[in-house]
Structures are given as structure tokens and as C-alpha cells.
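The residues making up each chain are set out below.
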Amino acid sequence: MIDNQDLGTFALYYALVVCLIGTAISIVAGRTGSQRFVHASRFASYTGAGAIFVAGAVLMHALLTHDFSIQYVASFSDHTMPLFYLIGSFWGGQAGSLLFWTSVVAASMVSCVYIYRRSYQDFMPWVSAVCLAVLSGLLMILVFGSNPFEGFSIINDPTTGKGLNPLLQTPKMVMHPPSLLAGLATMTIPYAFAMAALITGNMSNAWVKAARKWILIPWLFLSIGNMLGGMWAYEELGWGGYWAWDPVENAAFFPWLMTSALIHSIMIQERRGMLKRWNIGLMIASFVLTIFGTYITRSGLIQSVHTFAQSEIGDYFLALLLTVLAVSVTLFLWRWKDLKSDQRLDSPASRESAFIFNNWLLVVMTLVVLFGTMWPKIKEGLFGQEVAIGPPWFNRWMVPLGILLLLLMGIGTIIPWRRTTMAAFKRQFIIPIIATAGASPVILGAYWYGRGAALGVTPTPTEASYAIITVVCCIFAVTTMIADVGRAMNARMRKHEESAFEALSRLFIKQRRRYGGYVVHLGIVCAFVAFAGNALKIEQDISLDPGDTYQIGDYTLTYEGLTLENEPDKDIIIGKMRAERNGKHVHDLRPGKAVFHSAPNMPTSEIDIKTSPIEDLYVALVNHDPRTQAAAFKIFVAPFTWWFWLGGTILLLGTLICMWPTRDSLETLRPSPGVFVRATAFGALAILCVTPLAVLTYESHTSWGSAARFERMIGQEEIEGTNEPLQGKERAPGKTEQNASGANAEAS
Amino acid sequence: MTIALIILFVCFTLVMAWQTLSPFIGGSQEQLRFDLLEDELRQVEELTTRKNLYLDNLREIEIDRDLDKLSEKDFLELKRRYERETVKLMRQLDEVHGGRGWEARVEDAIEARLSLDGKKTEALEDKTAKTPKKTKKKKKKSSTGKKQATTTRATESAPAEITGSIQCPECDKEMEAAAKFCSQCGADIAHVTPELPEAQISAAE
């Protein structure tokens, strides 16, 4: 009987051999154009991917059947874990996450090779060659550096596993790592097209056309991954926010920013034949940054809350990074002259210029984040000095750059191609400018006098002006979009005699890329509303005795004491708090801490967040004294944070609209799915996009979002009766943050 | 469940591995046919993709013109350019698969290649005898609708014996005997009688 270890390891070796041979076949196919070799390269891709899927299925089988003879299974799962978290432990550790990454590259390669099996025949052998070469690199790391099927010797064969880190046992954390990994992995496909264009010397727009939708896939996954990570940090980790400019967060943010720039600049190449060098450069940079981000986090080069132990795998990633960089840059320089633009910029007041400025801004933002992430390490290496670059430094640079980007988003939506005459300017810009000038004071005034002033916060002049400018730019961006959609609807209604609703729906069906893009922009605007709200954010770390009250904004919080609840796998300490506003009871808050019996040194937070479009009231139990029942809390009132999650959701829906295949593209799938299947699939994905926000809102208004759910399940039990066990589980202050680091590390 | 998944992926891997090797296992004639037939399709797909790219661009600029994002002058200039490119591609497409009888051309090409390779006369005779059977087999093998459509049309309306050429009555462009439309001006030439080569005329007599 073949065991999991042997089968899994054999599958990995087999996949490595097939990928190496497949790369050679694909190179021959690309060079000779021989259809026999093209055919063989296509099927070699399928074979290599099949072997990788076998390895993945074997690891999943080992996890679900609790095969603790495999080290990975014993380290990241145990008998008590439910199915959902057992599946999550596939990518809960380093080797598993690398196998997951490899599987996603393989799956996307198979999809791409199948979809384009009869088109882009000059590119496809090279696309296969690049994908198979990347897969070979990843498989080498798996086989020689971090084999997930490594077993125990007979002497130390364990009978049970250690289980998944408790902090990772939340649904959001199960979904966050695979989304990010999928984002990083799927970047291989558009990169392979760029390389294929360089190798074949076909510098037309063909590679852009072929890679266009494949660029959106990593962007979508990176967006989902970053959003879920932020949500997890906000709801579970007790950071007090959704973004902390942590190096590992930044590592996922570089490729997102670069890909955002690329998505815009390829439009210029498609339409005007310009920016050919820039686009290839951006594509190479995006791919290199995905590997670089992985290298800095997995090698232990950068210290982060996502701490990873230094391992051999870092050296392998460095080798992969240097190889990719050397090959890409050599090919790029080789084709430098051929990549000359077909046309020149006609005028700085044109859509092309707006897109170019947008690209510069996004690239500068990437460089700022890269510098902020790497500079402490570089300085330490060069001068031996340790420096720390924290959120204030990042915010000082990123806020003005972000505002400029927002402004360009509005301008780029309506500015004409090639040049803008005075007449065109009047036609396009006058209405949005007037609308912005009229609506901005009304909206800002309504908020300030309706709610903002009551919070009693006086922001610094810089913060206040940034917030006001951001809101004005948001309004401008929205009005430009409304004006543009309105004009398009009018044109359709005139031309095709359609009703307004028909015209609007047809616009989204016929021009899904353009108007899907507008929906994405709308999502970004919502996120900026949340950023503007930070100017009025109140954050306090307080310590209270039972019966104490504390005033934050216009909320009066009364601390009522602690309770302890016992569950089969954990104990939960719950802080009871009552929130009043203007003398009226508004919320009962139940922040808590869960201590898992399997990991008593790693308490997890049960944060209570009352969220609404206007503001979030956030209370986290940081520490407690079981003897006196005194407790320390992190409390803040954050205006408009809900809009960040709404923005993320809209962004995902917009990307889905852009990516949704046309009828012609679906024809290539044979049999092409019918209307019902397509509508169902779109509906299911749309529901999936909306789910995080819906869950957050539901949790906020029910006991599911706080420790109160344990109270309800087990029943009230006052702390006095259970003083003894609570004392036994007392933790040192500051332990939470330290432990969170370890958990986050494994998750990523 | 996971066992079934493992078995499924193992089977998939084995079948794909066999497919990878298949082009190198068949006889030399089969391999040549493989190359030549695929080459036709490859050209058709390539041209169709490029044509669709220009058609997309044409749609986009029309919308931009309607939304005042493109001046009338720029619109007309771009439209002319895209239309010119599209028509050029459509003509090339017509040249490749607009006419009929391309399968016969493939057979000729195979024959020519085999002669060049110094194959024995026996092999050539054997191939000629097997040709109709193989054509059928190839047709069955083709999996795509487009390929099937092209092949079927070729077999139905252009038996291998129709050779020679016809001249378009409108623009004098010389076309393949089996062509339905002129690849230059688009005129309907289905009714035009082909000029048969002398050998065929005498054979017919």
C-alpha cells in the first residue's frame, strides 16, 4: 500500500521532471513553430499541473484523515479541528502555502493554455515555457527546501497534532492567505505573456489584448486578500485599525499598486500604441515584486508582526528572484529599440496624459512603500543603526499622493483623448465642477453640524485640510462619473430608442470593461471617505475598575465587571460594558478574551465593534486583573470606517463586471455555459463579494460579533464563583500583541 | 472524497502524459498531416483574433465620439485606420479559408514534402490510396466547431477533383476554382465556371 508521504513526494518529483521537460519542449515549439511540439508543450503543461494537483490532493487527504506521520499534518492540525479549519491548515504553514501557490500557478496555466489553445499561437509555446519554468523553480523549492510530505522517523512518530494556531481559527483568516497567495501566483500568467512578446519580438498590442483579463485576476485576488487581512486585523487582532503599514502587508501592497498602474497604462497602448516599454517594465516589476515580497517575509529579512523563522526557503526565493530579474531585464534590453511607441503624446491636456500622471503617482507610491519597508534594514546593514519607520512616516507621504490620485481619477474619467479644446473642456468639466462646488459645503456642513462637532475632536490644520480636500475630490470624482454615465445613457436612449433603465443596463452589458471600471472607482472613492474620517478618529487606552465611567466623544461608557465562561476547548473572559449617548442607552458591549486549552499562552481577542455608516464604536479587552476585576481596554470612535469595507465590496463587484467574459470568450470553452449558468455563476460570485461586509454588519448588530455569543450559549455565571480558574489563567500585560505576531506569521 | 480526487488527478496526469507523447509516436505521414492542417487553423485563428481587436477598437471610438471624448476629426482618422486594417485582415482570412478545397491543398503539400524527403514511390502510392479514409479520420479528430465547419464545407463543396482557377467577373482577381466570393472585392462568384486544366478536360472527354 502506497502511503501519503511516498505518493505526495513522488508526485512532486514527477511534476518537477515533467515541468523541466515541458519547458524544453515549449522552447523548441516556440523556436521552430512545429505543431507537434506545440501540441506536446500544451499537454506537458496539463501533465505537470495534473501531478501538482495529485500532490495537493494527497496533502488534503492526509490532513482530513489525520495522518500524523507527516510532519506538516502534525504541526498544523489535530483531531479536534472542524473540517473548515482542517481545510484551512492546508495553507496554514510554510510548506503547505507554497504547495498551494504552486497549485494556483498550475491551475491558472492550465486555464490559460486551454482557453488560448487555438489562438495566440506564436505566443502560447513561450507562455507555456515561462509558466513551466516558474513552476519548475517553485517545485525545486518544494522538493529540496520545504517538502510538505516530510515524515517522522518511527521513533518519534506522534499520535496527535499540535493544531492550528487559535488566532487563525476564524473564517476570515482561513480565506485571507489563499486569496493573497492566489493573487501572487496568478501574476505569472500576464508576466508570461509579456515575456512571450519580448521573445517573439511581436511588439504589437497582441500581448496586451491576450493578457488584459489575466492582469485583472491577480489584482482581484490581491484586493480580496488585503481586504480580508485588514478586516481580520481590525476585528480579531486588536490593532485598532485595518492597516498598520506592516512590512508583510506592504509586501502584498507593492504588486497591487503596480498592477493598478498597469491596468490603466495598457489602455493607452491598446488605443494609441504608446507606453510599450512602460507596460512591459511595469509587468516585469509587478511579477518581481511578488517574489521579492515573498522573499523578504519568508527569509526573515524583515521583522514584522507576521514573524517567520529564518529558513532555507529564503535563499531559494532569492535565487528565483535573481533568475527572474536577470532573464526579464536581459530580454527587455534586447527588445528596447523594438518597443518604441507608435505615436507621441499630442497634448498634456489629454486622457493619455492623465493616465500617465496616474501611473507616475502609483509608481511613486510603490517606491515610497518600498523605501519605508526596506530602509530600516538597509540603514542597519550600512551604518549599523537601527531605525523604525512607522505609520506617521507612511501617512505623511501617502496621504497627499493618494489625494492627487483621487483628483486624477475624476479628471481621467471625462477628459477627451488626444487633446482638450476649450469647448470640450466646458462641455465635460463645467457641470462636475459646479456640482462639486455646490455639494461639498452642503455635505461637509451637514456632517459637521449633524454629527462631527459632537465628537469634540479638533484635528490639526493639516489633518483637517487633508480631510476636506479628500471629501471634495471624492465628490468631484463621483460627479464626473455620474455626468459621464448620464451622457452615455442619453446617447443610447437617442440612438436605440431605449428607456433609461434599458440604456443603463445595456451600457454595463455591452461596455462592461469601461463601466465596471467606473464601479471600481466608486469603491475607491468610498475607501477615501473612510480615510478622510480618520481625521476625527478618537483612540484611547484606558484602565477601569467596575462601576467606573469613561467619556469618549459623546459616548459615556460604564464598566460593569468581568465574567468567565467555560467552553469545551477554551475559557472566555468577558468584559461587560454599557454605552450611553446623551443619557440614552445605545449599546451593551461585550469585549472578551478566549484562552484555548491547546494554546494557553496565546489568548485571542473577541472585540466588540458597533459599526454603522456614520462611525464605529470599537472596544477591545486588552488586559484584566481577576482579583480586583480591573480591566484595560482599547477604545476608539472611528467615523466612516464602514465605508472602507463598503468600498472594498464595490471594488470587488466592479472588478467582477470588468472580468466577466463576453459571449465570444465563453464560446472557446466548449460546451459554452448557457445564460442560466452564467447568471448563476455571476450571482454566486457577487454574493461572495458582498458576504464580508454583510457578515461584519450582522455581527455588529447581534451577539455574534463579540464575546456575548458565549454568554448566551452557556448562561450567565458571575466571576465571583469562578475566581480560582480565572486567576490561574492570568496573563502578563502586553502578551497579546506578542502572540498575535506568531499567529499572523503562520497565516501568511 | 479525497481518495476519489487523487484517483481523478492521477488518471488526468496519465492521459495528458500520453497525449504529450502522441505527436512523436505516429508515422511520418500522420505527423506531416498534423503539422500542415494545424498550420491552416493557426493562421485563421491568428487573423480572427487580430480582426476582433480592431473591431473592438472601432466600437470603442464610436462610443468615445458619442460622449465627446474624441473629436470628429480624430474619430474619422482613427476609424479610417482601423477599417483599413480590418478589411486587410478580412481579405487575408478569405485567402486562407474563404475559398474551398484547402484540404486538397494540404494533401498536395504533404505529397510535395514527402517527395522532397526522398520517400519511396511505394509510400506515395500507398498514401494516395489511403487519402479519402485519412481525410475522414482527420475530420473526426478535429474537436472545434470552427475546424469542423471549415472541413465539412471543404469536403461537401470542393471535392479534390475540382482544380484550376476562376477569374472574378468584377475585378479580375484570380481565385481558386471552389471560391464562393471574391477575396478582393467580395463579389459573388459561386456561379462562375472554373477553367479546367487541359488534362482534366481531356480526361472528362
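Residues numbered from 1 in each chain as written. Chains lettered and ligands numbered in written order. Predicted model: local features only at pLDDT ≥ 70, side-chain atom pairs only at ≥ 80, totals over all residues.

The subject of this paragraph is the interface of chain B and chain A. At the junction of the two partners, chain B supplies 34 residues and chain A supplies 35 residues. Put simply, the parts of the chain that give the side of chain B that touches chain A at least two residues each are helix H1 (2-25) and helix H2 (28-66) of chain B. A class-by-class count of the residues in the side of chain B that touches chain A yields 16 nonpolar, seven polar and 11 charged. (Contact = placed C-beta atoms within 7 Å. Helix = DSSP H or I, 4+ residues; strand = E, 2+ residues; numbered from the N terminus. Nonpolar A, V, L, I, M, F, W, Y, C, P; charged D, E, K, R; others polar.)

Moving on, we come to the nonpolar core. Residues and elements named next belong to chain A. With 205 residues, the main nonpolar core has Ala15, Phe193, Ala194 and Ala196 as its most contacted residues. If one sorts the elements of this core by residue count, helix H9 (residues 206-237) sits on top with 20 residues. Formed by 28 residues, the second largest nonpolar core is a distinct cluster that contains Ile572, Ala594, Val619 and Phe633. (Core = buried A, V, L, I, M, F, W, Y, C linked by C-beta atoms within 7 Å. Buried ≥ 20, exposed ≤ 12 C-beta atoms within 10 Å, placed from the backbone.)

The next thing to look at is the sheet that holds strand E10 (residues 631-639) of chain A. Strand pairing in a sheet takes place through backbone hydrogen bonds and is either antiparallel or parallel in direction. Residue and element names in this part refer to chain A. In spatial order, the strands read E1-E10-E9-E8; together these four strands make up an open sheet with antiparallel pairing. Across the chains shown, the open sheet's two edge strands, defined by having one partner strand only, are strand E1 (538-544) and strand E8 (608-611). Averaged over all adjacent pairs, the angle separating strand axes in this sheet is 15 degrees, with direction ignored. Inspection of the sheet shows E8 paired to strand E9 (residues 615-624) by four bridges, in the antiparallel sense. (Pairing = 2+ DSSP bridges. Axes fitted to C-alpha atoms, helices over the stretch in contact; angles between N-to-C directions.)

Here we take up the confidence of the model for chain A. Taken over all residues, the pLDDT of chain A has a mean of 85, while the share at 70 or more is 89%. For the stretch residues 713-748 of chain A, pLDDT sits under 50, and the model shows 63 contacts to residues farther than four places along the chain or on other chains. (pLDDT = per-residue confidence, 0-100.)

Moving on, we get to the packing of helix H2 (residues 35-64) of chain A against helix H6 (residues 124-145) of chain A. A pair of packed helices is captured by two measures, namely the crossing angle of their axes and the spacing between those axes. Residue and element names in this part refer to chain A. Running from amino to carboxyl end, H2 crosses H6 at an angle of 30 degrees, the nearest separation of the two axes being 10 Å. Put simply, H2 runs roughly parallel to H6. For the crossing formed where H2 meets H6, the hand is left-handed. The segment H2 lies against H6, with Val38, Ser41, Arg42, Ser45 and Gly48 engaging Pro125, Ser128, Cys131, Leu132 and Leu135. Of the residues contributing to the contact of H2 with H6, the split by class is five nonpolar, four polar and one charged. (Parallel < 35°, antiparallel > 145°, perpendicular 65-115°, else oblique. Left-handed = near helix turned anticlockwise from the far one by under 90°.)

All names here are of chain A. Summarising burial for E9: nine of the 10 residues are buried, a large majority. Connecting the antiparallel pair E8 and E9 is a turn made up of three residues. Sheet topology places E9 next to E10; nine bridges connect them, and they run antiparallel. The residue bridging His624 from the neighbouring strand is Ala631, located in E10. Linking E9 to E10, which pair antiparallel, is a turn of six residues; within it Gln629 sits at a positive phi near 65 degrees.

Further remarks concern the packing of helix H8 (residues 188-200) of chain A against helix H11 (residues 276-298) of chain A. Residues and elements named next belong to chain A. Contact pair H8 / H11: the axes reach a minimum separation of 9 Å and the direction vectors enclose 135 degrees. Overall, the two elements H8 and H11 adopt an arrangement that is oblique. Remark: the crossing between H8 and H11 carries left-handed chirality. Side by side, H8 and H11 meet where Pro190, Tyr191, Ala194 and Leu198 of the first sit next to Ile280, Met283, Ile284 and Phe287 of the second. Grouping the constituent residues of the contact of H8 with H11 by class yields eight nonpolar, no polar and no charged.

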